[in-house]
Amino acid sequence: MGPTSSSGFYVSRAVALLLAALAAALLLALAVLAALYGRCARVPPSQLPPRGAPGPAPSPRGPLPSWQPRPTREPAVTATPGKWRPPGPWDQLRLPPWLVPLHYELELWPRLRPNEFSSPTLSFTGRLNITVRCTVATARLLLHSVFLDCESAEVRGPLSSGPRDGTVGRVPVDDVWFASDMQYVVLELGGTLQPGSRYELQLRFSGLAYQDLREGLFFSVYTDQGERRALLASQMEPTFARSVFPCFDEPALKATFNITIIHHPSYVALSNMPRLGRSEKRDVNGSIWTVTTFSTTPHMPTYLVALAICDYDHINRTERGQEIRIWARKDAIANGNADFALNITGPIFSFLEELFNISYPLPKTDIIALPTFDNSAMENWGLLIFDESLLLMQPNDQVTDKKAVIYFILSHEIGHQWFGNLVTMNWWNDIWLKEGFASYFEFGVINYFNPQFRRNEIFFSNILHHVLSEDHALVSRAVSLKVENFTETSEINELFDLFTYNKGASLVRMLSSFLNENLFISALKSYLKTFSYSNAEQDDLWRHFQMVVDSQSKILLPAPVKSIMDRWTHQSGFPVITLNVSTGAMKQEPFYLGKVKNQTLLTHNDTWIVPILWIKNGITQSLVWLDKSSKTFPEMQISDSDHDWVILNLNMTGYYRVNYDKLGWKKLKQQLEKDPKAIPVIHRLQLIDDAFSLSKNNYIEIETALDLTKYLAEEDEIIVWYAVLVNLVTKDLVFDVNNYDMYPLLKKYLLKRLISVWNMYSTVIRENVTALQDDYLALVALEKLFETACWLGLEDCLQLSRELFKNWTNHPENEYLEYAIMAGPFTFNETNIMEVVAESEVGRYIVKDFLVNNWQAVSVRYGTQSLVTLMCVIGRTINTDLQITELQQFFGNMLEEHQRLTVHAKLQTIKNKNLENRKRNARMIAWLRKNT
């Protein structure tokens, strides 16, 4: 699925919202809007499917999609409740290894008709023949199936090795029943299937597709050419194929597929493979339907099965003899919104084909842009599905990071054609083998086509900064999990998170850095070739890396690749590496949020084998390894009398933070003040980010981090300024009106240093704003620069904001409030509107009153979980137990008992954090008084 996204940045919209008075007015208006708009129905949690039913896959880009319920219905055959059935294989998460699927003949007939889509559900029927090989004698068959009615089931066989004939026997099916909690349909047979023989399972079934549920089979209603229209699409990953057709829904159970789609003649049908034929079919009412058949797929898992039925237009081009088509709303195609994506898709395929020396095996690629798609993007072989806001360029996207976002996401999904589609993980515990590698290669692709993009700084901004902020030794999870850790299907969905994507990509990058690019790619070529059309696990990957390492003598490792990398993938968190520059002594310890004395001894005894790439006085040094808890490197010693300095973790390719003794930090501070450009940009970023994170979590004093900012008047790299501002000018500081001691000191200190970089970018914005359209880092960081400069009262910032806002409002298509209700690609999540309002001092009281009067509507629409989030936003400034009690009493009737416990724990954490921040702020104030 799609990677974590950078949010698009629109200069005019962002700066317009910086005007305090207008912002306050907008927030109040949005609160009213949310109250009105909140009366639309949503489903309360009590009506959601039972635990174990497939839930929405967490999106790496944002909040979970809204649930809509599956209506309760009885299947055509018996559904056996778990507590009334005998123990058996239906009580296990994994299918028994009795049958191996070889081929699916799948026919689906969704009843989607033009202008007949007012109902929230849409029925479909299906026919399915699955050819299987029996491996263990059995008189009982299990397949995955959920929310489907099984109308008939037959078993033919054993099959002959030649063509079908009429003499093939049948195995009686005595009973069919459902084990709903584990999502199985069970076929009880009147005979025994024999090992080594092939059989054909024949099933007829029916089910429902849901509007905007966006899992399994779903349909969306949208507007195109001034008319309401509908389309139908699929999302099978990770475990939703079983809600579309009975199947062996595990990633290792690959098979080939022949897919047939029956659809209304006014629609076009798409699937993984090219169209093979088209015919007509009459239904019982005499209506004519189109029957579209598709060519046979390669061996692939069920989660890659894809289909779409739509009234779209497309544009196309041919790359290396393969047709690439992008399908979108007719308006979008006519306006050229898909042209940019089409122009880069073919070259990305070609680049990766050459890089891996493995040709893309399908004869075509269709990419379809849905009006909304909660998963952002999906890599289905031959039919990639995107949210249109992440694929199509809009007219107002000229000065945004939108082109880079499209590059990143297309590269990610195309990378999956090799990592995931061609070679698939055995089980979901190793999902990082596809998502981590696809995330990593985004940067190789964009760097190849855009050499001016600064790969290290962009990787830090998009990937590393976010995951280092969330990962730590006690609470976060490992990248690769033990298979036995999985107990129910819903846990699979939780793996699509920051650690799978961002930490996975970071570990791949570290592996590449301590080998070299040639060895790294050679190992991947070997791995991909060996496991093509098959499955692999983490140890298979390490074996191929070890083979490449063993075949040469230049790169020497302190341990086998598996020993090195398993510690990073199987352990949660990451180490802090501390260097004493006086002695060269280096040690490692796990990183904790809020370190306390002796914590390491109590909770985390493991160490990492850490690659240390480093620079001394700007010169790259030889790689060393910290393969134990501590070690001494005499070559890293520096004296206090000269101008030596040392920085560990060259280009931030290692997945760890770096700390120094007092002398080490002092020498780096002195070098920044003497000649900051002698320290590369990526390491100025690193020093700021590491120092503030370490100070926040009690590894060093806050004064050490603040000392690094004294040189900032000479800093002209906006991405470094961004790192400074997100650490110094936090939301808590901006929205807390009680920070009257801090504000004037911080204002004086920062404005004196900020004015130079501000003047540089404000001039560009006034004179030639389009010059920024290819400066990705500036587009990422400018919003924070604007926000801070105006918050600090810089008159030129306020004036520029007025100018831009006036220009923006001169265009009627930019009426801001319409963004909250528009049905286009920039639809707001309305819950976030309330959260934004609640973040301001005044807004907290507005939202509290709003919830008192409307909490039932809010609960119905968003679910009570949204109230938990809102309570924590509203209570973000509490610092006493009395305040916690008052807030809980205020919202007491709105929450269930388990939610009250959750909220109480979260509020206690917030209180403790605020008390700690109060002490930290007092030290910051004292430092600012001394240095302003």
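Refer to the structure presented above.
Residues numbered from 1 in each chain as written. Predicted model: local features only at pLDDT ≥ 70, side-chain atom pairs only at ≥ 80, totals over all residues. Heavy atoms only, no water.

J.: Report on the overall build of the protein chain, specifying residues and quantitative values.
T.: Of the regular secondary structure elements, the protein chain holds 26 helices and 32 strands. Within the protein chain, the fraction of its 932 residues that count as buried is 59%. A fraction of 74% describes how many contacts in the protein chain between residues 6 or more apart in sequence connect residues 24 or more apart. Carbon and sulfur atoms form 51% of the exposed surface of the protein chain, whose accessible area is close to 36600 Å². (Helix = DSSP H or I, 4+ residues; strand = E, 2+ residues; numbered from the N terminus. Buried < 20%, exposed > 50% of the residue type's maximum accessible area, 1.4 Å probe, protein only. Contact = heavy atoms within 4.5 Å. Areas by Shrake-Rupley, 256 points an atom, 1.4 Å probe, with all protein chains shown as cover.)

J.: Outline the sheet that holds strand 17 (residues 313-319), listing residues and values.
T.: Ordered in space as 17-18-19-21-20, the five strands form an open sheet in which the pairing is mixed. Each end of this open sheet is capped by a strand with a single partner; those strands are strand 17 and strand 20 (377-378). As judged from the five bridges shared by strand 18 (residues 322-328) and strand 19 (residues 364-370), these two strands associate in the parallel manner. Following the sheet pairing, W327 is matched in strand 19 by I368. Of the strands in this sheet, strand 17, strand 18 and strand 19 touch helix 4 (residues 339-356), which is tilted by about 30° from strand 17. Contacts from helix 5 (residues 402-415) reach strand 19, strand 20 and strand 21 (383-387), with the element oriented near 150° to strand 21. (Pairing = 2+ DSSP bridges. Axes fitted to C-alpha atoms, helices over the stretch in contact; angles between N-to-C directions.)

J.: Summarise the state of the cysteines; cite the residues concerned and give the values.
T.: Overall, the coordinates contain one disulfide when judged by the stated rule. At a sulfur-sulfur separation of 2.1 Å, the disulfide partner of C790 is C797. Across the S-S bond of C790 and C797 the torsion is about -95°, and the bridge reads as left-handed. A relative accessible area of 0% places C797 in the buried class. (Disulfide = S-S within 2.5 Å.)

J.: Tell me about the pairing of strand 8 (residues 184-193), residues and numbers included.
T.: With respect to burial, strand 8 is a largely interior element, seven of its 10 residues being buried. Two elements, strand 4 (residues 138-144) and strand 8, share six bridges in a ladder whose sense is antiparallel. Across the sheet, the residue bridging to T138 is L193, located in strand 8. By the bridge criterion, six bridges tie strand 7 (residues 173-179) to strand 8 in an arrangement that is antiparallel. Within strand 8, the residue paired with V173 across the bridge is L189.

J.: Lay out unusual backbone geometry in plain terms, naming residues and giving numbers.
T.: P158 follows G157 through a cis peptide bond whose omega is 5°. Along the polypeptide, P158 turns up in the loop between strand 5 (149-156) and strand 6 (170-171). At the junction of E237 and P238, the peptide bond is cis and its omega measures out at 0° in the coordinates. Here P238 shows up in the loop between strand 11 (227-235) and strand 12 (256-263).

J.: Lay out the environment of E703 in plain terms, naming residues and giving numbers.
T.: Among the structural elements, E703 can be located in helix 16 (residues 702-707). Leave out the neighbours within four places in its chain, and E703 touches R923 and W927.

J.: Please set out the pattern of salt bridges residue by residue, giving values where relevant.
T.: Applying the stated criterion to the full structure yields 38 salt bridges. Note that D471 and K503 form a salt bridge whose closest N and O atoms lie 3.0 Å from each other. Of the two residues, D471 sits in the loop between helix 7 (455-470) and helix 8 (490-493) while K503 sits in helix 9 (residues 498-514), which places them 32 residues apart along the sequence. In this pair, the class of D471 matches that of K503, namely buried. (Salt bridge = Lys/Arg side-chain N within 4 Å of Asp/Glu carboxyl O.)

J.: Give me the lowdown on the nonpolar core, citing residues and values where you can.
T.: For soluble globular proteins, the rule of thumb is that nonpolar side chains tend to be buried together. Ranked by internal contacts, the top residues of the largest apolar core, which has 277 residues, are F245, W418, I612 and L648. Element by element, the count of residues in this core is highest for helix 20 (residues 776-791), at 12 residues. Each residue touching W418, except ones within four places of it in the same chain, is listed here: F349, L352, E353, F356, I358, Y360, V423 and L528. Counting residues in each nonpolar core, the second largest holds 19 residues, with V847, V873, L895 and V903 among its members. (Core = buried A, V, L, I, M, F, W, Y, C linked by side-chain atoms within 4.5 Å.)

J.: If you had to explain helix 10 (residues 517-530) to someone new, which residues and values would you point to?
T.: The periodicity of an α-helix, 3.6 residues per turn, causes residues three or four positions apart to be oriented the same way. With 14 residues, helix 10 should reach 20 Å at 1.5 Å per residue; the first-to-last C-alpha distance of 20 Å fits that figure. Within helix 10, the full set of buried residues consists of L519, F520, I521, A523, L524, Y527 and L528. Contacts made by the buried residues of helix 10 are with helix 4, strand 22 (423-425), helix 6 (432-449), helix 9, strand 23 (534-536) and helix 11 (538-550). Two or three places before N518, at the opening of helix 10, N516 has a side-chain oxygen 3.0 Å from that residue's backbone nitrogen. (Expected span 1.5 Å × (residues − 1). Polar contact = N/O pair within 3.5 Å; in protein donor to acceptor, adjacent residues only side chain to side chain.)

J.: How would you explain the sheet that holds strand 27 (residues 614-616) if you had to name every residue and give the values?
T.: Pairing in this open sheet of three strands is antiparallel, and the strands run 28-27-31 from one edge to the other. Edge strands, defined here as strands with exactly one partner in the open sheet, are strand 28 (619-620) and strand 31 (646-648). Where strand 27 lies against strand 31, three bridges are found, and the strand directions are antiparallel. Within the sheet, the bridge partner assigned to I615 lies in strand 31 and is I647.

J.: Run through the packing of aromatic side chains, naming residues and quoting values.
T.: Taken as a whole and assessed by the stated rule, the structure comprises 42 aromatic pairs. Relative to W542, the ring of W432 lies with its centre 6.1 Å away and its plane at 40°, an arrangement referred to as tilted. Of this pair, W432 sits in helix 6 while W542 sits in helix 11, and the two are 110 residues apart along the sequence. For W432, a relative accessible area of 1% puts it in the buried group. Residue W542 is classed as buried on the basis of its relative accessible area, which comes to 2%. Centroid distance Y448 to F449: 5.0 Å. Interplanar angle 90°. Geometry classified as edge-to-face. (Phe/Tyr/Trp six-rings, centres within 6.5 Å; stacked < 30°, edge-to-face > 60°.)

J.: Tell me what's going on with the packing of helix 7 against helix 20, and back it up with residues and numbers.
T.: When two helices pack together, their arrangement is captured by the angle between the axes and the distance separating the axes. It is at 10 Å that the axes of helix 7 and helix 20 come closest, and there the two elements cross at 40°. When the interaxial angle is binned, helix 7 and helix 20 end up oblique. Here helix 7 and helix 20 pass one another in a crossing that is left-handed. Residues E457, I458, S461 and N462 of helix 7 pack against Y776, L777 and V780 of helix 20. Broken down by class, the residue content of the contact of helix 7 with helix 20 amounts to four nonpolar, two polar and one charged. (Parallel < 35°, antiparallel > 145°, perpendicular 65-115°, else oblique. Left-handed = near helix turned anticlockwise from the far one by under 90°. Nonpolar A, V, L, I, M, F, W, Y, C, P; charged D, E, K, R; others polar.)

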